Structure formats: C-alpha cells, structure tokens
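Structural characterization, general
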Amino acid sequence: MMRISIYLAIVYILTINECIKIFHLSDCDIKYVIKKTQEVKLADCENRGLNFIPQNLPGDINVLDLSSNQLTAIYNNSFFNYKYLQELILGNNQIEYLSSGSFKGLYNLDTLDMSHNMLDLSKTYSAEIFVPIKNLTNLDIRSNMPQPIDFEKEFIYPDHVFGVLSELSFLGIDMMPVPQFESGFSQMTNLHELHFQSCYLVSLSNTTFQAFSYFVQELSLINCRLKAVRTDVDVLLPFPNLRIIDFHGTFMHLRRALYLLHPYMYSNLTTINFGHVSDASIDSSELPFVTTLTPDMMKYLKTICVENLDLSNNGIVDYEPGSLLNFDRPECLQTISLNRNRFVIVTTKTISDFNSFCGKSVQLKSIDYSYNAVNYFIDNSVNSNLEKERFHGSFVTLPKSLEKLDMSNTILTTYPAIWFKVPLNNNLKYLDISYSRTNMILVFLEIRIETFISTGLYETAWSELIRFPEHHLKTVVWNEAYLNEGIEEKGNQLFGVLTSVESLDISRNNIWYFPNELLKPMPNLSNLNLGKNLLPSIPEQLTDHTKIKVLDMRNNLLTTLSSVIRNWADKMQERHGMSLSLDGNAFMCNCDNLDLIRWINTTKVNLDSRSYKCQLSNGTISDTLTVYNSFSRLFADCRSTMWLTFASTFLSTCVTVFLLLVLYSKRWKIAFSIYGVFQRFIEKKVRKSYKYDVYMSYAGDIIIWIKDVLIPRVEAEWGLTMCIRDRDFIAGKSLLDTEAESIKNSRYIIFLITPEFKSSNDCLFELDRAKYEKVTRNLDKIIVITKDIRITDIPPEFAFICNYAYFVEWPSDQRDVDDTWRRLKMLITDGAVANRQITL
C-alpha cells in the first residue's frame with residue numbers, strides 16, 4: 001500500500017508541474033515600464049501563439065503588446081475592457097478583417113501599430129473604424145498591402161476613413177503604384193512624419209502630395225524597387241518645412257533625386273538619404289547606372305546646410321572638381337556616407353577640393369568610404385605611421401573633429417600615393433580597415449583610437465595595435481585573421497597590448513585552443529565574442545574575469561558546459577547581469593549532461609535560447625527544452641541512480657519505492673535497446689558515402705613505418721582508402737580547414753601515438769575534431785594505436801574521448817603482431833569483405 005501511495009504522489013507532482021508550464025506559455029506578463037519619462041502598466045503578450053484578444057487582463061493597463069501572434073480578425077468591442085489603453089501593438093500578425101467597432105471604448109488611445117498584417121486599404125477600413133480613436137497621434141499600418149496586378153492603375157486612398165484623425169502627427173502607410181490622396185488627408189493638420197513602406201510606386205507627380213499638411217518635417221519613401229520611379233521636378237513643393245528626406249532604396253536614379261532638392265536651396269536640413277537610388281536594373285542610355293558627378297548635378301545640394309548626407313551605392317565612378325565636395329556651407333556637415341561606390345575619394349585633380357572641404361568641415365564626425373572597389377593592383381596595404389616626417393606623394397589632412405573613419409573593403413591604388421594625415425589633438429576614436437587593400441596611407445600624429453576593426457593576416461593588425469596607447473583602446477574586432485596561427489606563434493603575449501580593452505570580438509578565426517593565460521592582460525574585459533571558432537569547451541580561464549557581462553560562444557564545438565563555467569556564469573548574473581549565447585553547438589543530452597540540461601532551463605543567466613539542439617544517447621536529435629520537460633521518460637536509468645543514492649539514506653522507509661523505480665528503469669532500458677537496434681538498421685540502409693575510409697593522425701619520425709607497413713596493409717590488402725596529410729593534402733588551402741574536412745569525410749580516424757605526439761598541437765586539434773564528428777554521428781569509430789609508448793604516458797587530452805575510442809597497443813613481441821593486425825582489421829572493416837568498392 002505504501003508503494004502505491006508514493007508512486008501516485010510522484011505522478012501528481014509531475015502533472016501539476018506540466019500544467020503550470022502550459023499556463024505560463026499562454027499567459028501575458030504584466031509589468032511597469034518607463035515610456036516618455038512616465039511609468040506605465042504594460043501587458044506583454046508578444047509571441048504567445050494567441051488567436052484571440054485576451055479578456056482577462058487588468059482593466060487599468062496602459063500598453064497592450066499583442067505583436068507576433070496569430071490574430072486574423074479584430075471584432076466589435078474586442079478592447080472594451082481596457083479603456084485606459086494608450087498604446088496598442090498588433091504588428092506581425094495575420095489580421096485581414098476589422099469590424100467597424102473594433103476600437104470602441106479606446107478613447108485614450110494615442111498609438112496604434114497594425115504594421116505587417118494583411119489589411120487591404122480598399123477593403124477592410126470602414127468609415128466609422130477610427131471614430132472612437134480620433135485623438136490618435138501615431139498610426140502605423142505599413143507592410144499590409146498585397147502587390148498589385150496593374151501597375152498603371154490609379155489607387156485612390158480612402159480619405160474619408162483617415163480624415164477623422166485630425167490629431168495625427170505620425171502616419172506610416174503603404175505606397176501604391178500611382179497614388180491619389182484626396183482632400184480627407186488635409187484634415188491631418190498636425191502631421192509631422194509621413195512614412196511609406198511596402199512600396200510599389202512607379203510615378204510621383206506634382207500633385208501626389210498636395211493633400212498633405214504644410215507642416216510635414218520628415219518624409220521617408222524607401223525600397224520602391226519593382227519599377228523605375230518616374231518623378232516630376234516639383235514633387236516636394238508641398239513640403240517646404242521638410243528637415244528629413246529619406247528615399248533610400250527607391251530606384252529613381254541619383255540625377256533625378258538630386259534635382260528634386262531645388263525647393264530647399266539655401267535651406268537647413270537634418271538628413272538627406274539618397275542611398276541606393278540608382279541601380280543597374282534601371283540602367284538606360286538617358287540615365288546610366290555608371291555615374292560621374294558633375295557640378296550641374298550638385299547645384300541644388302551644394303547650397304543646402306545639411307547635417308547627414310548619404311550618397312552610398314549609386315554607381316559613382318568619379319567626380320569632377322567643383323562637384324561632390326564643393327559645399328557652400330561645409331561647416332554644417334556631420335556625417336557623410338559614400339560607401340559601395342567605385343571611385344577614388346581623392347586624386348591629384350580633386351586634392352584641392354578635398355583639402356578645402358576637410359579644412360572647413362569643422363563639425364564632421366563620420367566618413368564612411370567602405371566597399372569602394374576600384375581596382376585590384378595593390379602596392380601596399382592600409383597602415384599607420386607615427387614617425388613619418390617626409391611625405392612622398394600628395395597628402396591631405398583630415399578634420400580634427402572626425403570621430404569615425406570606415407575604410408573597410410576598400411580596394412584601390414592611387415598614383416601617386418595619397419597620405420591621409422590624422423592631426424594632433426584629433427578626435428578619431430573609431431577606425432575600420434578590415435579587408436582593405438590600398439596605398440592610401442594613414443599617418444597618425446597622435447593616436448586616440450578607442451575602437452579598432454581589422455581582418456586578414458593577424459600580423460598586420462598586431463603591428464598596428466602595438467602603436468596604440470593602452471589607456472585609449474576599448475573595443476577590438478579582429479575577425480578572420482588566422483588568430484590560431486597568432487596564438488601558436490605569440491602564445492600568451494598575443495593580447496599583451498590590449499590591457500585597456502573592454503570589448504573583444506575574435507569570432508570567425510578557427511581558434512581551437514587557448515593558452516592558459518591568453519586573456520589575462522585584459523582585466524576590464526566585459527564583452528567577449530568567440531563565436532564561429534572550433535573551441536570544444538569554454539576556456540575556464542574566464543573565471544578569473546569578474547567583469548564579463550556578454551559572452552558569445554555560438555557555432556563552436558561545445559558538447560557540454562563544465563560546472564566551473566556554469567557556476568561562474570551564475571555569479572556574473574548575480575553581480576551585474578550576464579548574457580550567454582550558445583546556439584549552434586553539438587550538445588549531448590545524456591546522463592552525463594543532466595546538470596547542464598537542468599541549468600539551461602533554470603538559470604537566471606540571459607541565454608539566447610532554452611531549447612538548444614542536442615543529441616540523445618540513442619542518436620536522435622532533440623532540444624534541451626523538450627528533454628528537460630521529459631526527464632522522467634528519457635532518463636529513467638539516470639534517475640534510478642539518483643533515487644538509489646537518495647534512498648540509501650532512508651533505507652528503512654523507502655525500500656518499496658526503491659524497487660518500483662528500478663523496475664521502471666529496466667522497462668525503459670529494454671525500450672531503448674529495441675529502439676537502438678531499429679536505429680542502426682535504418683542507418684545501414686541510408687549510410688552516407690565517405691570519401692575516405694580512414695583518416696590517419698600521427699606525429700614524429702614514423703612516416704617510414706606508415707609508408708612501408710601500415711599503408712600497404714590497409715590499402716593494398718584490405719582495400720580501404722586512407723587520408724594521410726603528407727600525401728593527400730593539397731597545397732595552398734588552410735591546413736586546419738583541410739584537416740577538419742578530411743576527418744568529416746572519413747568513416748574512421750586512427751591516432752598513432754608515439755613519444756613525439758605530446759608536442760603536436762595539430763594532433764590535439766584533430767582530437768577535438770574527432771570527438772565532435774563522433775558525437776554528431778559522422779565517424780563510426782575512433783581508434784588509438786599506441787606504439788613505443790606506455791599507456792600511462794598517453795596525453796591527458798585523450799581522456800576526453802575514452803568513452804568513444806578503441807585502444808590498440810602495438811606489441812613489441814613480434815609473435816603478437818599478427819593478432820594485433822587481425823584486431824585492427826576487425827575494427828576498421830567490421831568483418832566486411834576486403835577490396836570492396838569505395839565511393840569517392
């Protein structure tokens with residue numbers, strides 16, 4: 001009787017826990033947040049899978065966020081219970097129907113977001129729909145309209161619907177091919193921002209915007225890319241008070257866009273964004289994509305006092321003197337973007353214009369000259385020089401006010417070379433020279449760089465970094481720089497110059513091991529990105545860093561997280577908050593990782609997910625959240641061990657529970673065993689084709705034994721294909737990439753351990769790759785041959801694969817060699833017939 005009652009209690013607890021989880025999945029979070037300096041009550045129902053408007057929320061909420069759900073319709077009185085609502089967010093649903101009384105009762109509503117739905121302006125908006133919310137000041141209904149069939153047909157917007165919104169200051173709406181805005185829109189006398197999206201525009205006439213308010217200050221018309229937009233010259237005349245013009249990605253051609261600026265001659269504007277208004281898809285003899293800027297094209301823009309100018313991605317290949325940089329009021333300019341064109345920013349014919357521009361641009365903070373690929377003949381690379389006194393060739397002096405210079409992905413050569421001098425007392429804090437190959441040389445008379453971004457060979461960036469004063473540098477981004485080679489060459493000294501760095505991004509570097517004190521020089525490190533490397537574990541030296549708030553370990557080779565790292569992350573969360581990104585790793589969901597699975601779903605650390613993909617013991621793929629919710633079913637054997645330990649303390653009262661759980665575990669053992677047999681049967685039917693049968697890893701001077709003994713036996717007699725680095729690797733490719741690919745394409749990997757193995761970093765890399773491929777089911781077997789070495793002298797790193805490897809000790813007695821060969825053959829042929837066909 002006692003056995004049954006305890007068993008029922010266990011089931012009851014599990015059932016209650018499951019119910020609680022389901023309840024929270026569909027519930028909304030109620031919290032207080034600050035909006036516009038005021039505290040408001042927010043109901044956060046974002047991404048809860050809702051297909052209805054919840055009616056059980058507190059009646060005094062001020063903000064309701066229902067975005068990213070599955071709503072399809074809003075019916076009468078849906079929000080009647082929430083009369084204090086000031087902001088309603090319905091974006092990213094599938095709403096296609098609105099009732100005339102959908103917003104009845106929301107008399108205090110100030111902001112309505114219905115963007116990214118399926119609301120057709122010509123069908124779903126009745127005349128009464130906005131009457132209850134006529135005091136609305138912000139309305140966003142962008143990205144709703146379907147793509148039209150007829151691109152030449154006029155579309156008349158329902159002005160009788162929108163005319164009641166006389167208090168509106170922000171309107172976001174879709175733009176149809178040939179738009180007609182009638183007089184109802186003139187009632188929006190307070191409109192200051194007008195934004196168009198889901199743009200199907202083909203024509204803008206002088207009358208298109210006549211109905212809109214004289215006081216509009218911000219106009220955005222972005223990503224109109226389906227057709228070349230025809231424009232009349234006076235399109236913007238109805239907006240004499242514009243301060244922001246954003247036409248980014250609207251294909252009308254740069255020449256036409258610049259001519260639209262004539263109403264603003266000698267005016268003050270905050271932003272002109274004409275980025276990517278030209279495109280090869282609208283190339284014509286009249287308006288060619290390949291553009292040389294002329295004084296005539298710039299005649300209106302040059303007179304405008306503009307703070308932020310974007311002319312990026314417009315096919316500019318050159319500019320004439322007196323055009324691009326010949327502003328009447330260059331002191332107004334704060335940022336200029338010229339990226340993704342194909343021109344040299346300064347040549348001997350334009351050097352006078354450039355020097356005059358830099359001398360007068362006293363407020364210029366940012367120059368973006370990235371992605372300008374002019375040619376591929378490179379004499380030198382971008383570099384800095386602190387001591388250069390004589391300049392051979394032309395030079396220009398950058399503005400002292402400049403804070404950010406982006407020259408990334410710039411490929412060009414100037415004749416003669418151009419020297420960019422960064423003057424004394426400059427403010428340059430951000431420099432990006434990643435992927436740049438140019439002979440435009442940066443000469444620093446004083447370095448104050450705080451953010452440095454570089455790629456390519458690590459030696460180039462390292463030679464620059466050692467010039468920077470340690471107390472200034474705060475952020476370093478060092479991607480695709482072959483840092484694994486730098487680690488091998490410099491060891492713990494690689495980051496010795498980065499003592500002041502707080503944020504370090506060394507992702508995408510094929511790093512697979514860390515010296516024990518690599519990060520020690522950076523005591524202020526708070527943000528570390530190690531993503532897209534080959535690390536099998538999180539370096540435990542991080543536990544000495546108590547300021548880290550963000551750690552990115554995505555797309556490495558992690559199979560688990562050590563308890564040391566988990567405890568450290570929890571402490572960092574308690575101290576100052578901690579964000580940890582782990583997606584894209586090969587986690588194992590087995591008995592050894594139960595603590596990790598539990599930790600992922602219970603820790604307060606801000607993880608990028610709670611449901612990481614992982615492999616179960618039977619080889620199937622699941623995720624950590626599913627596994628966590630199925631502990632008792634998936635890990636019965638593991639749980640029985642834990643219950644046995646617990647029960648031993650209370651043996652006198654828990655014997656029956658003990659027996660019950662053991663029986664329960666055995667039943668699941670049988671089920672797993674049957675499933676495993678079936679899984680192996682399926683695998684044999686669909687086994688992948690391997691390029692190699694065996695990948696060989698070794699170190700030392702034993703190539704003769706491999707060449708004269710091992711290869712003939714394995715390939716000639718047994719008919720298998722081996723991959724051997726000294727014989728099969730192609731010159732020119734990355735060694736680590738080739739090793740990783742070869743191991744992945746092999747059915748088995750053999751480690752041949754000799755006394756020289758301990759000093760081989762390459763073999764340790766292969767060891768990590770072998771473990772990764774094994775747990776992801778690419779490798780059938782890992783085989784370790786020990787030759788002329790004692791078992792006790794095997795490197796400790798091999799402890800990580802003890803559960804996966806077959807060890808073969810090569811005998812010193814020749815009488816035992818034949819038996820050893822037979823054992824090795826059984827391991828790598830599975831008893832199959834020799835000389836079978838190998839798929840290449």
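Everything here concerns the structure above.
Residues numbered from 1 in each chain as written. Predicted model: local features only at pLDDT ≥ 70, side-chain atom pairs only at ≥ 80, totals over all residues. Heavy atoms only, no water.

Across its full length, the chain holds 17 helices and 44 strands. Split into buried and exposed, the 840 residues of the chain put 50% on the buried side. In the chain, of all internal contacts separated by at least 6 residues, the share reaching a separation of at least 24 is 70%. For the chain, the exposed surface amounts to about 39300 Å²; the carbon and sulfur share of it is 51%. (Helix = DSSP H or I, 4+ residues; strand = E, 2+ residues; numbered from the N terminus. Buried < 20%, exposed > 50% of the residue type's maximum accessible area, 1.4 Å probe, protein only. Contact = heavy atoms within 4.5 Å. Areas by Shrake-Rupley, 256 points an atom, 1.4 Å probe, with all protein chains shown as cover.)

On to the packing of aromatic side chains. In the structure shown here, the tally under the stated rule is 28 aromatic pairs. Ring geometry for Phe343 against Tyr369: centres 5.9 Å apart, planes inclined by 75°, an arrangement best described as edge-to-face. Of the two residues, Phe343 sits in the loop between strand S21 (335-337) and helix H4 (351-360) while Tyr369 sits in the loop between strand S22 (366-368) and strand S23 (394-397), which places them 26 residues apart along the sequence. Here Phe343 falls in the buried class, since its relative accessible area comes to 1%. For Tyr369, a relative accessible area of 1% corresponds to the buried category. Centre to centre, the rings of Trp478 and Phe495 are 6.2 Å apart; their planes meet at 55°, and the pair counts as tilted. Here Phe495 lies in the loop between helix H6 (483-490) and strand S32 (503-505) and Trp478 lies in strand S31 (residues 475-479), a separation of 17 residues in the sequence. Across this residue pair, the class does not change: Trp478 and Phe495 are buried. In this structure an aromatic cluster arises from ring pairing among Tyr125, Phe130, Phe155, Tyr157, Phe162, Phe181, Phe185, Phe196, Phe209, Phe212 and Phe239. If you follow Lys227 out to its NZ or CZ, it ends over the ring of Phe151, 5.1 Å from the centre. (Phe/Tyr/Trp six-rings, centres within 6.5 Å; stacked < 30°, edge-to-face > 60°. Lys NZ or Arg CZ within 6 Å of the ring centre and 35° of its normal.)

Considering the arrangement of structural elements, one finds Leu767 in helix H16 (residues 761-775). The sequence separation of Leu767 and Ser697 amounts to 70 residues, and the corresponding C-alpha distance is 8.9 Å.

Evaluated as defined, the whole model comprises four disulfides. Two residues, Cys28 and Cys45, share a disulfide whose sulfurs are 2.1 Å apart. Its S-S torsion of approximately 115° makes the covalent link between Cys28 and Cys45 right-handed. Residue Cys28 is found in the loop between helix H1 (2-26) and strand S1 (29-35), and its partner Cys45 is found in the loop between strand S2 (38-44) and strand S3 (63-65); the two are separated by 17 residues along the sequence. (Disulfide = S-S within 2.5 Å.)

Attention now moves to a negative patch on the surface. Residues Glu459, Glu485, Glu488 and Glu489 make up a contiguous surface patch of negative charge. The element that contributes the greatest number of residues to the negative patch is H6, accounting for three residues. Note that Glu489 resides in helix H6. Glu489 sits in the exposed class, given a relative accessible area of 54%. (Patch = residues over 30% accessible without salt bridge, like charges linked within 9 Å, V, L, I, M, F, W, Y side chains within 5 Å. Salt bridge = Lys/Arg side-chain N within 4 Å of Asp/Glu carboxyl O. Lys, Arg positive; Asp, Glu negative; His and termini not counted. Charge placed at Lys NZ, Arg CZ, Asp CG, Glu CD.)

Glancing now at the pattern of salt bridges. For side chains of opposite charge, pairing can occur when their charged atoms come near one another. For the structure shown, the criterion picks out 17 salt bridges. Taking the shortest distance from any N to any O, the salt bridge between Glu717 and Arg713 comes out at 3.5 Å. One end of the pair, Glu717, and the other, Arg713, are both in helix H13 (residues 703-717), four residues apart, so they sit about a helical turn from each other.

The next thing to look at is H4. Every buried residue of H4 is listed here: Ile351, Asp353, Phe354, Phe357 and Cys358. In an axial view of H4, the angular spread of the buried residues amounts to 160°, which keeps them on one side of the axis. The exposed set on the far side of H4, more than 90 degrees from its buried face, consists of Ser352 and Gly359. Summarising the contacts, the buried residues of H4 are in contact with S23 and strand S26 (418-422). (Arc of directions from axis to C-beta.)

All right, on to the sheet that holds strand S38 (residues 613-616) then. The three strands are arranged S36-S38-S39 in an open sheet whose pairing can be described as mixed. For this open sheet the edge positions go to strand S36 (587-589) and strand S39 (621-623), each flanked by a neighbour on one side alone. Across the sheet, the mean angle separating the axes of adjacent strands is 50° when strand polarity is ignored. Here S38 runs beside S39; their pairing, made up of three bridges, is antiparallel. Residue pairing for S39: Gln615 is matched across the bridge by Ile621. (Pairing = 2+ DSSP bridges. Axes fitted to C-alpha atoms, helices over the stretch in contact; angles between N-to-C directions.)

Right, let's talk about the side chain of Asn273 for a bit. With respect to the secondary-structure elements, Asn273 resides in strand S17 (residues 268-273). At 3.4 Å, the side chain of Asn273 and the side chain of Asp246 are in polar contact. Not counting residues within four places of it along the chain, the set of residues in contact with Asn273 comprises Ile245, Asp246, Phe247, His248 and Asp310. (Polar contact = N/O pair within 3.5 Å; in protein donor to acceptor, adjacent residues only side chain to side chain.)

With respect to the helices, strands and loops of the structure, Ile173 is situated in strand S10 (residues 170-174). For Ile173, a relative accessible area of 1% corresponds to the buried category. Along the backbone, Ile173 and Met145 are 28 residues apart, and their C-alpha atoms lie at a distance of 9.2 Å. Here Ile173 is in contact with Leu121, Ile141, Arg142, Tyr157, Phe162, His195, Phe196 and Gln197, once residues within four sequence places are set aside.

Our next topic: the side chain of Ser143. Examined against the element boundaries, Ser143 turns out to sit in the loop between strand S8 (138-140) and strand S9 (154-156). Among the polar contacts listed, one links the side chain of Ser143 to the side chain of Gln197, at a separation of 3.3 Å. Excluding its chain neighbours within four sequence positions, the residues that come into contact with Ser143 are His116, Asn117, Asp174, Gln197 and Ser198.

A word on the pairing of S17. Note: strand S16 (residues 244-246) against S17, three bridges, orientation parallel. The residue bridging Asp246 from the neighbouring strand is Asn273, located in S17. Assessed by its sense of winding, the connection that carries the chain from S16 through helix H3 (residues 254-259) to S17 is right-handed. Note: S17 against strand S19 (residues 305-310), five bridges, orientation parallel. In the sheet register, Ile272 faces S19, and the bridge partner there is Leu309. (Right-handed = clockwise from strand over helix to strand, strands pointing away.)

Counting buried residues in S10 gives five out of five residues, a clear majority hidden from the surface. Alternating positions in S10 separate into two faces, Phe170, Gly172 and Asp174 on one and Leu171 and Ile173 on the other, with burial throughout. Taken together, the three bridges between S8 and S10 define a ladder with parallel strand orientation. Pairing of Asn138 across the sheet is with Phe170, part of S10. Both S10 and strand S12 (residues 193-197) contribute to a ladder of five bridges, which runs parallel. Note that in S12 the partner of Ile173 across the bridge is Phe196.

What follows covers the sheet that holds S26. Taken together, three strands build an open sheet; the order of strands is S23-S26-S29 and the sheet is parallel. Where the open sheet ends on each side, the last strands, each with one partner, are S23 and strand S29 (441-444). Across the sheet, the axes of successive neighbouring strands diverge by a mean angle of 30°, strand direction being ignored. Pairing between S26 and S29: four bridges, direction parallel. The residue bridging Val422 from the neighbouring strand is Phe444, located in S29. Packing of H4 onto the sheet brings it into contact with S23 and S26, and relative to S23 it is tilted by some 20°.

This part covers the packing of H13 against helix H17 (residues 817-829). At their nearest, the axes of H13 and H17 sit 12 Å apart, and the two run at 50° to each other. By the angle class used here, H13 and H17 are oblique. The way H13 lies across H17 gives a crossing that is right-handed. Within the contact between the two elements, H13 uses Val709, Leu710, Arg713 and Val714 and H17 uses Trp821, Leu824 and Ile828. Split into classes, the residues belonging to the contact of H13 with H17 amount to six nonpolar, no polar and one charged. (Parallel < 35°, antiparallel > 145°, perpendicular 65-115°, else oblique. Left-handed = near helix turned anticlockwise from the far one by under 90°. Nonpolar A, V, L, I, M, F, W, Y, C, P; charged D, E, K, R; others polar.)

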